[in-house]
Amino acid sequence: MKCDIVFEDDYIVICHKPSGFPTQTGNVGRADCVSELKNYLSARAKKPGEPYLGIVHRLDQPVEGLLVFAKTKAAAEALSSQLGDGLLNKRYYAVVYGMPYIRECAGEEAGAVAESERWMKVEHYMEKDARVSAARIVPEDKAGAKMARLQYRVMDSLPQRGIAKVEVILETGRFHQIRAQMSHLGHPLLGDIKYGTEESKEKSKELGIKNTALCAYSLDLVHPMTKERMGFICKPENPAFRLFENVK
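Below, the structure is looked at part by part. (Residues numbered from 1 in each chain as written. Predicted model: local features only at pLDDT ≥ 70, side-chain atom pairs only at ≥ 80, totals over all residues. Heavy atoms only, no water.)

All right, on to the pattern of salt bridges then. According to the stated counting rule, one finds 15 salt bridges in the structure shown. Between Glu127 and Lys142 there is a salt bridge, with its nearest N and O atoms 2.9 Å apart. Of this pair, Glu127 sits in strand 6 (residues 120–129) while Lys142 sits in the loop between strand 7 (134–138) and strand 8 (146–158), placing them 15 residues apart in sequence. What makes Lys142 partly exposed here is its relative accessible area of 37%. Salt bridges here are not isolated pairs; linked through shared partners, they connect Glu127, Asp129, Arg131, Arg136 and Lys142. (Salt bridge = Lys/Arg side-chain N within 4 Å of Asp/Glu carboxyl O. Helix = DSSP H or I, 4+ residues; strand = E, 2+ residues; numbered from the N terminus. Buried < 20%, exposed > 50% of the residue type's maximum accessible area, 1.4 Å probe, protein only.)

What follows is the structure in structure tokens.
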């Protein structure tokens with residue numbers, strides 16, 4: 001299996017989806033997380049028929065990270081409600097081109113807020129262009145524009161290479177949101193062909209980064225049946241993140 005299962009019980013299954021592997025695809029004969037997990041569950045089932053697998057959320061095909069699927073309809077309804085109520089939370093790591101702005105603190109705030117916790121809040125309006133499967137930042141008053149909010153903090157930087165590692169929290173779940181907003185800020189993700197600039201693509205080539213450097217590394221939820229609060233993390237596989245392993 002390409003998807004690595006990190007947790008499973010009678011109600012949910014959580015896996016680490018690799019970059020380049022779709023959550024679900026309509027292309028007949030093409031593998032994806034859903035078909036792979038259904039085949040896995042079928043092989044272990046004690047009754048005939050296709051097993052139930054509820055999709056709670058998705059990750060873009062170029063993005064790696066944690067996904068939770070429901071094994072019963074009741075679990076799917078409970079997890080979907082959590083997603084809408086803000087009880088199912090995801091956090092992302094990304095490696096971006098350039099040096100993103102870090103919020104400066106003064107006075108008492110400077111002493112109370114560590115540099116690593118200086119979150120930047122970003123707000124744009126976006127639209128999805130289905131013809132080219134891409135998102136665009138647009139004026140607030142454009143018909144169909146939707147609010148997009150996220151927060152990021154700079155975790156590490158390599159000024160000599162002109163790249164930085166950031167952590168991202170989404171406040172809205174727009175199509176390609178992180179990739180489009182960070183690119184609009186002038187800091188496209190390494191390995192991102194769709195939203196990258198000529199400079200970021202050249203830097204990606206220089207560093208040997210072929211896949212989008214974005215990972216949903218953290219997943220936090222309430223178990224739909226036991227009501228236990230559960231948290232999961234995974235280590236990004238993209239080599240872009242290994243560039244920061246020895247940063248002090």
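Another aspect to go through is the pairing of strand 1 (residues 4–8). Bridge analysis of strand 1 against strand 2 (residues 12–17) gives four bridges, and the strand direction is antiparallel. The partner of Glu8 across the bridge, within strand 2, is Val13. Two successive antiparallel strands, strand 1 and strand 2, enclose a turn made up of three residues. (Pairing = 2+ DSSP bridges.)

The next subject is the layout of surface pockets. Looking at the largest pocket, its volume works out to about 960 Å³. Forming the walls of the largest pocket are 39 residues, and the residues nearest its centre are Arg58, Leu59, Asp60, Lys90 and Tyr92. Contributing elements (two or more residues each) for the lining of the largest pocket: strand 5 (89–97), strand 9 (163–170) and helix 4 (177–184). Top element by residues in the lining of the largest pocket is strand 5. It accounts for four residues. Looking at side-chain class alone, the lining of the largest pocket contains 13 nonpolar, 16 polar and 10 charged residues. Of the pockets and cavities examined, the second largest pocket occupies roughly 400 Å³. Residues that form the lining of the second largest pocket fall into these classes: five nonpolar, two polar and eight charged. (1 Å grid on protein atoms, 1.4 Å probe; cavity = no way out; pocket = protein on both sides within 12 Å on 5 of 7 lines; lining within 4 Å. Points joined across faces, edges and corners; volume = space filled by probe spheres on them. Nonpolar A, V, L, I, M, F, W, Y, C, P; charged D, E, K, R; others polar.)

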